[in-house]
Amino acid sequence: MKAVLSLRLSTIFSIQLPRLVFHRSFSEHVEDVNQNNFSRVKLAVPSWSRDYLLKESASLPHFNETNNVKISFSTPDDYFPSMKRRETVVMFEGENKHVVDAVHATNNLLRNYISENSKKTSINPKTMVNLVFPAALTKKLIGKQGATLQTIKEQHNLDTLLVSQQNGLHNFRPGKSFTERSLMIFGKESEVKSAVDFVLNMLYEETEHKLCDNLSYKHFNDTLETWTRIKVLVPFYVIATIKQTENSAAQSLIDLDIILRISEKDYGYTRAKVVLVEGPRDKVFNALQVISSAIRSTDIPALHFNTEKYEYLADNNRNSLPLLLPNDVVSERFGKRTEFVDFCKSSGVTLRVIQELKNDTAVYVTGEEESVLKAVTELVSPLHYSRIKRSMLHE
């Protein structure tokens, strides 16, 4: 159920204050609007501004009964999926011209509030508008190699113009994809207003892809709370075990319904492939258990036992699960030698850290399988999934 703010001008001399009403279906609140001119716009605003906008709603423009604009807010505990901050979604519906005016009026309220409080807080006094748009329009909005975004940025002299990341949700299985993204417009007031007009007009003229009237993102946010991404190094001779569907390990990974990618090339000078595992936390760690068991149970080719270059294939290293972590993550976790030693003692494992390539560090976690999986969980769980890049940069 959505809270809808109904704003209208009753007479020239008296203004009827907005009243809070509720609706269940879209048809109940789109009655007098010419459908050919109908527009729906969504803004993602800082969650702290929700109560402020409701409180200051009398400052928003009021329209006559023929051209009423409906303004809806997502509930206080429902946020637009975002990586860096919690954002409430405000939805505007009505005749296009008046919807655009209402969007600008809302941005003015926020800008004035931020300007008044910027000396007391760390809030940047410049204007930022976060427009929500259908994810299907991403390629059209970005353009080839970012050409359209760059053109918009230059024409409107903006400081920043960014399309939000998709947070992994676009990789859900069919029927579960997240269908919206946001465009962050940052700069001086007049330039931002001009850019917003341009983008809103582009979205209004789009006939195939339109925003739906959904204001509930709880399902996606619940998923993001537990979303995990891990990269491990898997010896080349184990890849068939986890890849070929006739093997039980491969079938177990398929049944987990997670994202699993295997690099085409070897990692550095090893004969190991990078395996990326991504999905809800419990499923990812179940997948690691399957991979770890496959490494331990797969026979090492005899050809490599006496080859010095591949000494990591020796029997004692069969008990290792090598994590591939960004260098800065390793530095943060083991900045001091005492932290490294304490972790090994408390976890009951040994660690071997090897920096093969510029941006990544291989952390070989060795020990009893239960201890290894526990140590890996402890290392990875605190990380936001975005710290582990999805791209296979070594290729």
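The model shown is predicted, which means the values in this text are computed figures rather than measured ones. The residue numbering used here restarts from 1 in each chain and proceeds along that chain's sequence as written. Confidence filtering applies because this is a predicted model: local features only for residues at pLDDT of at least 70, side-chain atom pairs given and counted only at 80 or more, and all residues used for totals across whole chains, interfaces and linings. Water and hydrogen atoms were dropped before computing side-chain values, which therefore reflect all heavy atoms in the structure.

### Some thoughts on the overall build of the protein
A run of H or I in DSSP becomes a helix once it reaches four residues, and a run of E becomes a strand once it reaches two; helices and strands are each numbered from the N terminus. Check the secondary structure of the protein and you find 12 helices and 14 strands. Taken across its 395 residues, the protein has 49% of its residues classed as buried. Whether two residues touch is decided by their heavy atoms; if any such pair falls within 4.5 Å, the residues are in contact. For the protein, long-range pairs separated by at least 24 residues make up 72% of all intrachain contacts whose partners lie at least 6 apart in sequence. Per-residue accessibility, obtained with a 1.4 Å probe over protein chains only, is compared with the maximum for each type, and a residue is labelled buried under 20%, exposed over 50%, and partly exposed between these values.

### What to know about the pairing of strand 3 (residues 38–46)
Where burial is concerned, most of strand 3 is hidden: 9 out of the 9 residues are buried. When strand 3 meets strand 5 (residues 87–95), the two strands line up antiparallel, connected through 9 bridges. Paired with Phe38 across the two strands is Glu95, which belongs to strand 5. One requirement defines pairing of two strands: DSSP has to find at least two bridges between them. In this sheet, strand 6 (residues 127–134) lies alongside strand 3 in antiparallel orientation, the contact comprising 2 bridges. Looking across to strand 6, one finds that Lys42 is bridged to Val132.

### Topic: the pairing of strand 5
For strand 5, a buried count of 8 out of 9 residues is recorded, marking the element as mostly surrounded by other parts of the structure. Sheet topology note: the strand 4 (residues 69–73)/strand 5 ladder contains 4 bridges and is antiparallel. Each bridged residue has a counterpart across the sheet, and for Ile71 the counterpart in strand 5 is Phe92.

### Here's the deal with the nonpolar core
Here the nonpolar core consists of buried residues drawn from Ala, Val, Leu, Ile, Met, Phe, Trp, Tyr and Cys, with membership extended through side-chain atoms lying within 4.5 Å. Ranked by size, the top nonpolar core spans 42 residues in total, and within it Val232 and Val365 carry the most contacts. Among the elements that take part in this core, helix 9 (residues 281–297) stands out by supplying 8 residues, more than any other. Setting aside anything within four residues of it in sequence, one finds Val365 in contact with Asn319, Ser320, Leu321, Val349, Thr350, Leu351, Val372, Ala375, Val376 and Leu379. Ranked by size, the runner-up nonpolar core spans 35 residues in total, among them Val69, Val99, Val129 and Val196.

### Here's the deal with the pattern of salt bridges
A side chain of one charge can pair with a side chain of the opposite charge if their charged atoms are brought near each other. Salt bridges are defined as contacts in which a side-chain nitrogen from Lys or Arg sits within 4 Å of a carboxyl oxygen from Asp or Glu. Under the criterion given, the structure shown has 10 salt bridges. The partner of Arg50 in a salt bridge is Asp51, with the nearest N and O atoms 3.9 Å apart. Since its relative accessible area comes to 54%, Asp51 is described here as exposed. Two residues, Asp197 and Lys193, come together in a salt bridge whose shortest N-O distance is 3.7 Å. Of the two residues, Asp197 and Lys193 both sit in helix 5 (residues 189–205), 4 residues apart, roughly one turn of that helix.

### Concerning helix 5
One fewer than the residue count of a helix, multiplied by 1.5 Å, yields its expected span. Taking 1.5 Å as the rise per residue, helix 5 with 17 residues should run 24 Å; its terminal C-alpha atoms sit 24 Å apart, in good agreement. Among all positions in helix 5, only Glu191, Val192, Ala195, Val196, Val199, Leu200, Met202 and Leu203 are buried. Summarising the axial view, the buried residues of helix 5 lie within an arc of 160°, below the 170-degree limit, and thus occupy one face. Pointing more than 90 degrees away from the buried face of helix 5 are the exposed residues Ser190 and Glu205. Think of it as the arc spanned by the lines of direction from the helix axis to the C-beta atoms.

### Quick look at the environment of Gln155
Looking at where Gln155 falls in the secondary structure, it is placed in helix 4 (residues 147–155). On the accessibility criterion, Gln155 (57% relative accessible area) is exposed. Separated by 36 residues in sequence, Gln155 and Glu191 have C-alpha atoms that sit 9.2 Å apart.

### Considerations on the environment of Ser391
Within the secondary structure, Ser391 sits in the segment after helix 12 (369–380). Overall, the relative accessible area of 34% leaves Ser391 in the partly exposed class. It is 10.0 Å that separates the C-alpha atoms of Ser391 and Arg261, two residues lying 130 residues apart in sequence.

### So, the packing of aromatic side chains
Each aromatic ring pair is characterised by the separation of its centres together with the angle its planes make. Between 30 and 60 degrees the pair is tilted, below 30 it is stacked and above 60 it is edge-to-face, where a pair is any two Phe, Tyr or Trp rings, Trp via its six-membered ring, whose centres lie within 6.5 Å. Evaluated as defined, the whole model comprises 3 aromatic pairs. The interplanar angle of 90° and the centroid separation of 5.6 Å between the aromatic rings of Phe236 and Tyr237 together place this pair among those described as edge-to-face. Judged by its relative accessible area of 13%, Tyr237 falls in the buried class. In textbook terms, an aromatic cluster arises when at least three aromatic residues are bridged by ring pairs, as seen for Phe334, Phe340 and Phe343. Placement of a charge over a ring requires the Lys NZ or Arg CZ to be within 6 Å of the ring centre, with the centre-to-atom vector within 35 degrees of the ring normal. The ring of Tyr364 has Arg352 sitting right over it, with the charged end atom 4.6 Å from the ring centre.

### Examining the environment of Gln289
One can find Gln289 in helix 9. Here Gln289 falls in the partly exposed class, since its relative accessible area comes to 41%. Linking Gln289 and Glu369, residues 80 residues apart in sequence, is a C-alpha distance of 8.6 Å.

### Comments concerning unusual backbone geometry
Leaving glycine out, the prevailing phi sign among residues is negative, and the prevailing peptide bond configuration is trans. Here Gln145, not a glycine, exhibits a phi torsion of approximately 55°, which is positive. Following the sequence through the fold, Gln145 ends up in the loop between helix 3 (138–142) and helix 4. The backbone of Asn157 shows a phi angle near 55°, a positive value even though the residue is not glycine. Note on placement: Asn157 falls in the loop between helix 4 and strand 7 (160–163).

### Some remarks on the packing of helix 7 (residues 236–243) against helix 8 (residues 248–256)
Axis definition: a line fitted to C-alpha atoms, over the contacting stretch in the case of helices. Angles run 0 to 180 degrees between N-to-C directions. At their nearest, the axes of helix 7 and helix 8 sit 5 Å apart, and the two run at 60° to each other. In this view, helix 7 runs oblique relative to helix 8, as classed from their interaxial angle. Here Thr241, Ile242 and Lys243 of helix 7 come into contact with helix 8, specifically with Ala249, Ala250 and Leu253. Across the contact of helix 7 with helix 8, the residue classes break down as 4 nonpolar, 1 polar and 1 charged. Any angle from 65 to 115 degrees is called roughly perpendicular, while one under 35 is roughly parallel, one over 145 is roughly antiparallel, and all others are oblique. Residues are grouped as follows: Ala, Val, Leu, Ile, Met, Phe, Trp, Tyr, Cys and Pro are nonpolar; Asp, Glu, Lys and Arg are charged; every other residue, Gly included, is polar.

### Remarks on the confidence of the model for the protein
With 74% of its residues at a pLDDT of at least 70, the protein reaches an overall mean of 75. Confidence drops under pLDDT 50 across residues 1–34; counting only partners more than four residues distant or on other chains, this segment forms 79 contacts. Residue range residues 63–67 is modelled with pLDDT below 50. Its contacts to residues more than four positions away, or to other chains, number 12 contacts. Each residue carries a pLDDT score, the predictor's confidence in it, ranging from 0 to 100.

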